[in-house]
Amino acid sequence: MNRVLSITLIVALFIITACGGGGGQSKIDQIKEQSKIEPANSESNVPASERITLDNKGVGRIKNVTLSETIDQEMVERGLALFNTNCSACHKIDKRFIGPSPKGIMSRRSPEWIMNMILDPQLMVEQDRCAKDLLVEFNGAAMANQNMTEEQARDILEYFRTL
């Protein structure tokens, strides 16, 4: 009986150790470590949520967005509805929350960056410096991929133009 118990205990310890046992780095720790190695933007002392990176289009399928001089109210209404349904759990208009406030985003980020972040936040966090810095700034709260279409992301972008 003692031998069976000993073998069971050894197997259990082996399984716990083999499964990681908490020794691995979390995604946020990996990104923080990477941020120490990679040369930072000259504005690194400015929080990512306040940094102005209008020349950065981000990483993803959106390469060019042309905005008309006038705001399309139908797109704004659709964008507002999409924002309220998919984004408002983490983003509040007038304050920092789980994620940054979208108010004033158009003066800090390019339309392409915004759409790429909406469409594929994981790719952006993996390959875009500003997105990585935002993840660190917001304590590893990664933006969820809402599986938006380009049209939906464009509607949200048009809504952001009104904020």
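Residues numbered from 1 in each chain as written. Predicted model: local features only at pLDDT ≥ 70, side-chain atom pairs only at ≥ 80, totals over all residues. Heavy atoms only, no water.

A. Seen up close, the packing of aromatic side chains. One pass over the full model with this rule turns up three aromatic pairs. Aromatic pair Phe83 and Tyr159: ring centres 5.7 Å apart, planes at 45°, arrangement tilted. Of this pair, Phe83 sits in helix 3 (residues 73-86) while Tyr159 sits in helix 7 (residues 150-160); the two residues are 76 residues apart in sequence, bridging distant segments of the chain. Across the pair, exposure class does not vary: Phe83 and Tyr159 are buried alike. The interplanar angle of 75° and the centroid separation of 6.0 Å between the aromatic rings of Phe83 and Phe160 together place this pair among those described as edge-to-face. Taken together, the residues Phe83 in helix 3 and Phe160 in helix 7 connect sequence positions 77 residues apart. Residue Phe83 is classed as buried on the basis of its relative accessible area of 2%. Judged by its relative accessible area of 9%, Phe160 falls in the buried class. Here the aromatic residues Phe83, Tyr159 and Phe160 are joined through ring pairs into a cluster of three or more. Directly above the aromatic system of Phe97 lies the positively charged group of Lys92, at a separation of 5.0 Å from the ring centroid. (Phe/Tyr/Trp six-rings, centres within 6.5 Å; stacked < 30°, edge-to-face > 60°. Helix = DSSP H or I, 4+ residues; strand = E, 2+ residues; numbered from the N terminus. Buried < 20%, exposed > 50% of the residue type's maximum accessible area, 1.4 Å probe, protein only. Lys NZ or Arg CZ within 6 Å of the ring centre and 35° of its normal.)

B. Region of the structure containing helix 6 (residues 129-137). Buried residues dominate helix 6, accounting for seven of its nine residues. Of all the residues in helix 6, the buried ones are Cys130, Ala131, Lys132, Asp133, Leu134, Leu135 and Glu137. Near the N-terminus of helix 6, the side chain that reaches the backbone nitrogen of Cys130, with its oxygen 3.1 Å away, is that of Asp128. Where helix 6 ends, the next residue or the one after it, Asn139, has phi of about 55°, a positive value. (Polar contact = N/O pair within 3.5 Å; in protein donor to acceptor, adjacent residues only side chain to side chain.)

C. Structural context of the environment of Cys90. Tracing the backbone through its elements, the reader meets Cys90 in the loop between helix 3 and helix 4 (111-119). Exposure remark for Cys90: the relative accessible area of 31% places this residue in the partly exposed category. Sequence spacing of Cys90 and Met143 is 53 residues, and the spatial spacing of their C-alpha atoms is 8.4 Å.

D. Just the pattern of salt bridges, in detail. This model, assessed by the stated rule, comprises eight salt bridges. Arg61 is the partner of Glu150 in a salt bridge, and the nearest nitrogen-oxygen pair spans 3.0 Å. With a gap of 89 residues between them, Glu150 in helix 7 and Arg61 in the loop between helix 2 (27-37) and helix 3 connect regions that are remote in the sequence. Among the residues examined, Glu150 registers a relative accessible area of 38% and is labelled partly exposed. (Salt bridge = Lys/Arg side-chain N within 4 Å of Asp/Glu carboxyl O.)

E. Spotlight on the packing of helix 4 against helix 7. Where helix 4 meets helix 7, the closest approach of the two axes is 9 Å, and the angle between their N-to-C directions is 130°. Looking at the two axes, helix 4 sits oblique to helix 7. When you trace helix 4 past helix 7, the crossing you get is right-handed. Across the interface between the two elements, Pro111, Ile114, Met115, Ile118 and Leu119 of helix 4 pack against Glu150, Ala153, Arg154, Ile156, Leu157 and Phe160 of helix 7. Broken down by class, the residue content of the contact of helix 4 with helix 7 amounts to nine nonpolar, no polar and two charged. (Axes fitted to C-alpha atoms, helices over the stretch in contact; angles between N-to-C directions. Parallel < 35°, antiparallel > 145°, perpendicular 65-115°, else oblique. Left-handed = near helix turned anticlockwise from the far one by under 90°. Contact = heavy atoms within 4.5 Å. Nonpolar A, V, L, I, M, F, W, Y, C, P; charged D, E, K, R; others polar.)

F. Molecular detail of the nonpolar core. Ranked by internal contacts, the top residues of the largest apolar core, which has 27 residues, are Trp113, Ile114, Ile156 and Phe160. Those elements that place two or more of their residues in this core are helix 3, helix 4, helix 5 (121-127), helix 6 and helix 7. Top element by residues in this core is helix 4. It accounts for six residues. The contact partners of Phe160, leaving out residues within four places of it in the chain, are Phe83, Pro102, Ile105, Met106 and Ile114. (Core = buried A, V, L, I, M, F, W, Y, C linked by side-chain atoms within 4.5 Å.)

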